[in-house]
Number of protein chains: 2
Amino acid sequence: MAENAPDIRPGERAVDLPSACDAGVYFIGRIRTPWTRRIDCPKNPAEARARKAVCTIEVDARWAEGLMSIDSCPHLLVLYWMHEARRDLMIQVPRHHGEPRGTFALRSPVRPNPIAASVVDVLAIDGARLSVIGLDCLDGTPLLDLKPHFASADAAPGAEDSQADAEHPRAT
Amino acid sequence: MAENAPDIRPGERAVDLPSACDAGVYFIGRIRTPWTRRIDCPKNPAEARARKAVCTIEVDARWAEGLMSIDSCPHLLVLYWMHEARRDLMIQVPRHHGEPRGTFALRSPVRPNPIAASVVDVLAIDGARLSVIGLDCLDGTPLLDLKPHFASADAAPGAEDSQADAEHPRAT
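Residues numbered from 1 in each chain as written. Chains lettered and ligands numbered in written order. Predicted model: local features only at pLDDT ≥ 70, side-chain atom pairs only at ≥ 80, totals over all residues. Heavy atoms only, no water.

Attention now goes to the overall build of chain A. The helix and strand inventory of chain A stands at 3 helices and 10 strands. Listed N to C, the secondary structure of chain A is β-β-β-α-β-β-β-β-β-β-β-α-α in terms of helices and strands. Residue pairs in contact within chain A that sit at least 24 positions apart in sequence constitute 77% of those at least 6 positions apart. (Helix = DSSP H or I, 4+ residues; strand = E, 2+ residues; numbered from the N terminus. Contact = heavy atoms within 4.5 Å.)

What follows is the structure in structure tokens.
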């Protein structure tokens, strides 16, 4: 436990990370966004949609063939790697919230595996570049995966949102 | 390219994988399901819901503190590692479909980063074990992450589903 580690707020708790990882991921591209500082990023995908902020997903040449038929997918689930986030906090005290919460009850980028999941609207496809709305991440964020978005996999019947957003702030 | 690799169907295409990964993931627990063979798994989360198949998410002790406040999350987005899937197919020909499609236009477990994302309903919480409905994976599948499910992050306004499921079969 590293309660006194730098950048840890009162009430937050860290664990010792394992000495090795269990599997590896490839960065298959990059996400280009208008935001180079955390403070400028939209607070969450809803705010990104409200701002109509267009971002670009660039898929590296090695994997570009996997985009075949992507034009039949108006909505994509994008998985990306939040490369600047620490991974050891298990209890966090989100700013503007004040109450400690478990990491798995937060959308914070700080988590054991800093993988973000966001659904985007695809606006345009130009080769291996996709213009999308719905991302809120830093410019240069590594891309992990694109999947067609299905309501049956990616939404729960009756899951409501506005209160959840208020109760579970995303940003730390 | 390895067009003649074993277990590749006519029309499918593989790429050479990079010699090294770019980042590592921790397996933070396991998913216990009734299914030990791929053929027995539900075809997708919708079928898992229709079968009312209850699965158990077991979070390892190191990370269990991160479950604090999880009882305020009726729906979770579960990320897990499809450990038995190959990672090099960029064009796939799903069984029962017959048409080649790009990997990023499919929910197939075969993808560069075999990370699955499913929304589940939480039925019960017993310490670091969660009983859930909505998973369709093999018993023993490694767990990567749990997040509160928000419609604003995990669903697109107007994204419809039934035709998408038919057009983009999940299983290979």
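How big an interface is tends to be reported as the loss of accessible area on association of its parts. Counting from both sides, the interface comprises 75 residues of chain A and, opposite them, 74 residues of chain B. Both sides of the chain A and chain B interface together cover about 6,800 Å² of buried area, and 60% of this is carbon and sulfur. Sorting the residues of chain A by area buried against chain B places Y26(A), F104(A) and R107(A) first, and these three jointly supply 12% of that buried surface. Counting the contacts that link chain A with chain B gives 4 salt bridges. Between D145(A) and R111(B) there is a salt bridge, with its nearest N and O atoms 2.7 Å apart. Where chain A meets chain B, there are 34 residue pairs in polar contact (both at pLDDT 80 or more). Within the side of chain A that touches chain B, the residues separate by chemical class into 45 nonpolar, 13 polar and 17 charged. Here strand β2 (residues 23-25) of chain A runs beside strand β2 (residues 23-25) of chain B; their pairing, made up of 3 bridges, is antiparallel. The residue of β2(B) that forms the bridge with A23(A) is V25(B). (Buried area = accessible area lost by both parts, 1.4 Å probe. Salt bridge = Lys/Arg side-chain N within 4 Å of Asp/Glu carboxyl O. Polar contact = N/O pair within 3.5 Å; in protein donor to acceptor, adjacent residues only side chain to side chain. Nonpolar A, V, L, I, M, F, W, Y, C, P; charged D, E, K, R; others polar. Pairing = 2+ DSSP bridges.)

Attention now goes to the environment of I39(A). In this structure, I39(A) sits in the loop between β3 (29-32) and α1 (45-50). As a C-alpha pair, I39(A) and L138(A) span 99 residues in sequence and 9.8 Å in three-dimensional space.

Counted according to the given criterion, the structure contains 4 aromatic pairs over all chains. The residue whose ring lies beneath R62(A) is W63(A), and the NZ or CZ to ring-centre distance is 5.8 Å. (Phe/Tyr/Trp six-rings, centres within 6.5 Å; stacked < 30°, edge-to-face > 60°. Lys NZ or Arg CZ within 6 Å of the ring centre and 35° of its normal.)

Attention now moves to the confidence of the model for chain A. Should the pLDDT be low somewhere, the predicted coordinates at that spot are not to be read in detail. All names here are of chain A. For chain A, the mean per-residue pLDDT works out to 88, and 86% of the residues sit at or above 70. Note on residues 161-172: pLDDT is under 50 here. Beyond four places in sequence and across chains, it has 37 contacts. Of the two predicted TM-score estimates for the complex, the pTM is 0.90 and the ipTM is 0.89. (pLDDT = per-residue confidence, 0-100.)

Residue and element names in this part refer to chain A. Sheet architecture is open: 3 strands sit in the order β1-β6-β7, paired in antiparallel fashion. Strands at the two margins of the open sheet, each flanked by one partner only, are β1 (13-14) and β7 (101-102). Sheet topology places strand β6 (residues 89-92) next to β7; 2 bridges connect them, and they run antiparallel. Looking at the pairing, I91 lines up with G102 of β7.

Right, let's get into the side chain of R101(A). All names here are of chain A. With respect to the helices and strands, R101 occurs in strand β7. When its relative accessible area of 9% is taken as the criterion, R101 is described as buried. Among the polar contacts listed, one links the side chain of R101 to the backbone oxygen of A105, at a separation of 3.4 Å. (Buried < 20%, exposed > 50% of the residue type's maximum accessible area, 1.4 Å probe, protein only.)

A few words on the relation of the copies chain A and chain B. With an axial shift of 0.0 Å and an RMSD of 0.0 Å, the rotation relating chain A to chain B amounts to 180 degrees. Taken together, the rotation angle and the small translation identify this as a two-fold axis. Closest approach to the rotation axis among the C-alpha atoms of chain A is made by G24(A), whose C-alpha sits 2.1 Å away. When the interface residues of chain A are mapped onto chain B, 99% of them are again interface residues, pointing to one common binding face. (Least-squares fit on C-alpha atoms with pLDDT ≥ 70 in both.)

Let's shift gears to unusual backbone geometry. Residue and element names in this part refer to chain A. For K52, which is not glycine, the phi torsion reads 50 degrees and is therefore positive. With respect to the helices and strands, the residue K52 is situated in the loop between α1 and β4 (54-59). With relative accessibility at 62%, the residue K52 sits in the exposed group.

Judged by nonpolar contacts, the single largest core of 31 residues is most densely connected at F104(A), I57(B), V78(B), L135(B) and L146(B). Mapped by element, the contributors of at least two residues to this core are β4 (54-59), β5 (75-81), β8 (115-126), β9 (129-133) and β10 (141-148) of chain B. Counting 30 residues, the second largest nonpolar core, distinct from the first, contains I31(A), A53(A), C137(A) and V15(B). (Core = buried A, V, L, I, M, F, W, Y, C linked by side-chain atoms within 4.5 Å.)

Let us look at the sheet that holds strand β6 (residues 89-92) of chain B. Residue and element names in this part refer to chain B. The sheet built from 3 strands is open, its strands ordered β1-β6-β7 with antiparallel pairing. The open sheet terminates on both sides in strands that have one partner only, identified here as β1 (13-14) and β7 (101-102). Sheet topology note: the β1/β6 ladder contains 2 bridges and is antiparallel. By the bridge assignment for β6, A14 is matched with L89.

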